[in-house]
Amino acid sequence: MNQNNNIFENFSQLFSDTRKYLVNLLDFRKDADQISTIEEIKANIQFKGATAWILICSILVASIGLNSNSIPVVIGAMLISPLMGPILGLGFSIATNDINTLKNSSSNFIAMVLISVLTAFIFFLVFPIKDQSSELLTRTEFDIRDVLIAFFGGLALIIAKTKKENISTAIFGVAIATALMPPLCTAGFYLAIYEIELAVKAMYLFIINSMYIIVATYLVLKFLQFPLLNYTNSSNRKLTNRILTFISLLILILPIITFVNAVNKANFEKQAKSFLNDELVGIANYKYLIESANSDFENQEIILNNYGQKP
């Protein structure tokens, strides 16, 4: 009996020590500097002067990179883009009930988006290269994985921002991972060649990225208990929180549908390949038929073409 008690006590102690270690390892509240974080977020919201020119230059660099299908050039554009400023401002203002900062962030965010798309649109009108490169095409496709990238990237960004000494490498990494610039350039490109549907898809991807950075910022600042600004009408805060929740959930619908379709398509192609391997084995030109086969997911068909060869 005593031996069982000792085992139980040892296990309890191990569990307790492990829990303390993990809490100490993962708790970032003690590293947060609320005053400097608030000052830095507010300072980076403004869109005028040098910031406007930096945005225009970064959009032009990204447009050139996307047009020439150069990933390093696109990455460089993402690193110099100031778009993250008003996005963090939106998350901060919603979390702290700062209505003035919310208005300021919203107006600057809208201005940045319009200038970005307009700049890309003009670039692709002046340089009418119509080659839809692979990098451009991927900026119109999205699913739930893009939501997760934006959300966890946003978490990394705001945690790095709230640290007493900012982790610049994390901030640069998030700028690349969340890819805010390419969708805007892609939208400008497709508007220039009058492909409105693809332009809308590109903008939807940008909205996903922006929205879930805002959600991540909101959650982290709430967790860190950043001080609320009190207003006479407290219902405004509840209404803003409800709108944020509604929009974030609404945005999820299309990515989930797209992801489910992608999974179903992958399963269909896998089953089609397995079916062909089982049914065509033993035929003289077996390998040739397998290589030339096409699976049509939309019509649930497998298309074979022997190009006149006898089976």
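Residues numbered from 1 in each chain as written. Predicted model: local features only at pLDDT ≥ 70, side-chain atom pairs only at ≥ 80, totals over all residues. Heavy atoms only, no water.

Some words on the packing of aromatic side chains
Pairs of aromatic rings are described using the distance from one ring centre to the other and the angle between the two planes.
Okay, step 1: Applying the stated rule across the entire model yields seven aromatic pairs.
Okay, step 2: Relative to Tyr204, the ring of Phe142 has its centre 4.9 Å away and its plane inclined at 25°; by these criteria the two rings are stacked. With Phe142 in the loop between α7 (134–138) and α8 (144–162) and Tyr204 in helix α11 (residues 196–223), this pair connects stretches of sequence that are 62 residues apart. The pair formed by Phe142 and Tyr204 is uniform in burial state, with each residue classed as buried. (Phe/Tyr/Trp six-rings, centres within 6.5 Å; stacked < 30°, edge-to-face > 60°. Helix = DSSP H or I, 4+ residues; strand = E, 2+ residues; numbered from the N terminus. Buried < 20%, exposed > 50% of the residue type's maximum accessible area, 1.4 Å probe, protein only.)

Comments concerning α11
Okay, step 1: Over its 28 residues, α11 extends 40 Å from the first C-alpha to the last, a length consistent with the 40 Å expected when each residue adds 1.5 Å.
Okay, step 2: Looking one or two residues beyond α11, the residue adopting positive phi is Gln225, at roughly 60°. (Expected span 1.5 Å × (residues − 1).)

A few points about the environment of Ser36
Okay, step 1: Turning to its location among the elements, Ser36 is positioned in helix α2 (residues 34–43).
Okay, step 2: Sequence separation between Ser36 and Lys163 is 127 residues, and the spatial gap between their C-alpha atoms is 9.2 Å.

Describing the packing of helix α10 (residues 181–192) against α11
Angle between the axes and distance between the axes: these two values describe a pair of packed helices.
Okay, step 1: Two elements in contact, α10 and α11, have axes whose closest approach is 8 Å; the angle formed by their N-to-C orientations is 165°. If you check the angle between α10 and α11, you find them roughly antiparallel. You can see that α10 and α11 cross each other, and the crossing is left-handed. Judged by residue contacts, Pro183, Leu184, Thr186, Ala187, Tyr190 and Leu191 of α10 engage Ile196, Leu198, Ala199, Ala202, Met203, Leu205, Phe206 and Asn209 from α11.
Okay, step 2: A breakdown of the residues in the contact of α10 with α11 according to their chemical character gives twelve nonpolar, two polar and no charged. (Axes fitted to C-alpha atoms, helices over the stretch in contact; angles between N-to-C directions. Parallel < 35°, antiparallel > 145°, perpendicular 65-115°, else oblique. Left-handed = near helix turned anticlockwise from the far one by under 90°. Contact = heavy atoms within 4.5 Å. Nonpolar A, V, L, I, M, F, W, Y, C, P; charged D, E, K, R; others polar.)

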